[in-house]
Amino acid sequence: MNRILILFAHPKFEQSRANKALVEMVENKEGVTFHDLYERYPDFNIDIISEKKLLTDHDVIIWHHPFYWYSCPPLMKQWMDVVLEFGWAYGANGKALQSKKCLNVITTGGTRAVYCSEGSNNYSVNEFLRPFEQTARLCNMEYLPPFTVMGTHNMADEELEDYTLKYEQLICELRQSLPFDKIKNCEFLNDAPQLKKVTSK
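Think of each chain on its own: its residues are numbered from 1, step by step along the sequence as written. Note on the predicted model: pLDDT of at least 70 is required for a residue's local features to be given, and 80 or more for side-chain atom pairs to be given and counted; whole-chain, interface and lining totals, by contrast, use all residues. Excluded from the side-chain calculations are hydrogens and water; all other atoms, namely the structure's heavy atoms, are used.

Participant: Break down the overall build of the protein for me, with residues and values.
Facilitator: Secondary structure is summarised from DSSP: a helix means a run of H or I of at least four residues, a strand means a run of E of at least two, and numbering begins at the N terminus for each. What the protein contains, in helices and strands, is seven helices and six strands. For the radius of gyration, the atoms used are the C-alpha atoms, and the globule rule reads 2.2 Å times the number of residues raised to 0.38. The C-alpha atoms of the protein give 16 Å as radius of gyration, which agrees with the globular expectation for 201 residues (17 Å, within 12%). Along the first, second and third principal axes, the C-alpha set of the protein runs to 45 × 35 × 35 Å. For the exposure calls, accessible area comes from a 1.4 Å probe over protein chains only, and a residue counts as buried if that area is under 20% of its type's maximum, exposed if over 50%, partly exposed in between. Residues classed as buried in the protein amount to 50% of the 201 residues present. Contact definition: two residues touch when any of their heavy atoms are within 4.5 Å. A separation of at least 24 residues holds for 76% of the contacts in the protein among residues at least 6 apart in sequence. Residue-level accessible areas treat just the shown protein chains as cover; the underlying method is Shrake-Rupley with a 1.4 Å probe. Surface accessibility of the protein: about 10100 Å² in total, with carbon and sulfur atoms responsible for 48%. Positive and negative charge centroids in the protein, built from 22 and 27 side chains respectively, lie 5 Å apart. A residue counts as positive if it is Lys or Arg and as negative if it is Asp or Glu; His and the chain ends are not included. Throughout, a charge is located at the NZ atom of Lys, the CZ atom of Arg, the CG atom of Asp or the CD atom of Glu.

Okay, here's the thing in structure tokens:
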């Protein structure tokens, strides 16, 4: 079964109701390594060798973060800048991440309606995530559609619980090699056929 690495970055995690719920649901799952970057590197001094070993030891990489100014928090960006080195992650001899699956798990305060050409943000979430997608392509990884939790500012408890259950189900399906041919046309992984079968606790 696949081993999953969740690279989590949230500079105000203690204030995030949505991310607390999501993390609590998956952080202790079998086969999952939950890696809180802000807890591990409060000084931004990233241990590159240690991070490379984590990547090497896992099959699926998840960038879990809130949407900060249409991207990720700064520590995650720095992680990408220093860990994904030429000759290791990409380039003629950079094959360390080849064929690994990766995806973004994101939370946004805004709803889906504001992330489109007609909305106030003008572009879709997928368009804003193009740098992650291209990073994955450069590193010869298989980039999956994002799992998105949107409209968190006004989300009811029942709706948030539904998202946490879907996240748990996604982790289970990624562990068992979620068939890419069934999800490649999904805008968000939330909409994949498998994730529609949400069971109660």
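Participant: Pulling in residues and values, what's your account of the layout of surface pockets?
Facilitator: Any residue with an atom within 4 Å of a point lines the site, the site being either a cavity, points on a 1 Å grid over the protein atoms alone where a 1.4 Å probe fits but cannot get out, or a pocket, an open set with protein on both sides within 12 Å along at least 5 of 7 lines. Grid points are joined across faces, edges and corners, and a volume is the space filled by probe spheres set on the points. Estimates place the volume of the largest pocket at around 370 Å³. Every residue lining the largest pocket is counted, 19 residues in all, and those nearest its centre are His10, Pro66, Gly109, Thr152 and His153. Considering only residue class, the lining of the largest pocket consists of seven nonpolar, 10 polar and two charged. Contributing to the lining of the second largest pocket are Asn126, Arg130, Glu133, Arg137, Met141, Glu142, Tyr143, Leu144, Pro145, Pro146, Phe180 and Lys184. Those elements that place two or more of their residues in the lining of the second largest pocket are α6 (130–138) and β5 (142–143). It is α6 that provides the largest number of residues to the lining of the second largest pocket, a total of three residues. Under the scheme applied here, ten amino acids are nonpolar (Ala, Val, Leu, Ile, Met, Phe, Trp, Tyr, Cys and Pro), four are charged (Asp, Glu, Lys and Arg), and all others, including Gly, are polar. Looking at the lining of the second largest pocket, its residues break down into six nonpolar, one polar and five charged.

Participant: Please give an account of the pattern of salt bridges that cites residues and values.
Facilitator: Side chains that carry opposite charge are capable of pairing whenever their charged atoms lie near each other. We define a salt bridge as a contact between a side-chain nitrogen of Lys or Arg and a carboxyl oxygen of Asp or Glu at a distance within 4 Å. For the coordinates displayed, the defined rule picks out 11 salt bridges. For the salt bridge of Asp59 with Arg3, the shortest nitrogen-to-oxygen distance reads 3.4 Å. Here Asp59, found in the loop between α3 (48–56) and β3 (60–66), pairs with Arg3, found in the segment before β1 (4–8); they are 56 residues apart in sequence, far enough to count as distant. For the salt bridge of Arg137 with Glu133, the shortest nitrogen-to-oxygen distance reads 3.0 Å. Taken together, the residues span about one helical turn, with Arg137 and Glu133 both in helix α6 at a distance of four residues. By relative accessible area, Arg137 is classed as exposed at 52%. Salt bridges sharing common partners tie together Arg130, Glu133 and Arg137.

Participant: Describe α6, listing the residues and the values that go with them.
Facilitator: Residues Phe132, Glu133 and Ala136 constitute the buried set of α6. All buried residues of α6 lie within an arc of 100 degrees about the axis, which places them on one face of the element. Residues of α6 that are exposed and point over 90 degrees away from its buried face: Pro131 and Arg137. Buried residues along α6 sit against β3, α4 (74–83), β4 (101–108) and β5. At the exit of α6 stands Asn140, carrying a positive phi of roughly 60 degrees. By definition, the arc is the one covered by directions from the helix axis to the C-beta atoms.

Participant: A description of the packing of helix α1 (residues 17–26) against helix α7 (residues 157–175) should follow, citing residues and the corresponding values.
Facilitator: Axis definition: a line fitted to C-alpha atoms, limited for helices to the stretch in contact. Angles are taken between N-to-C directions and run from 0 to 180 degrees. Relative to each other, α1 and α7 sit at 35 degrees, their axes nearing to 9 Å. Judged by the twist between their axes, the crossing of α1 over α7 is right-handed. Across the interface between the two elements, Arg17, Ala18, Ala21, Leu22, Met25 and Val26 of α1 pack against Asp157, Leu160, Tyr163, Thr164, Leu165, Tyr167, Glu168 and Ile171 of α7. Here the contact of α1 with α7 is composed, by residue class, of 10 nonpolar, one polar and three charged. In this scheme the crossing of two helices becomes right-handed for a clockwise turn of the near helix relative to the far one and left-handed for an anticlockwise turn of less than a right angle.

Participant: Account for empty space enclosed by the protein, with residues named and values stated.
Facilitator: What the rule picks out here adds up to one cavity of 30 Å³ or more. Together, Leu55, Ile61, Trp63, Trp79, Leu84, Leu97 and Met141 line the largest cavity.

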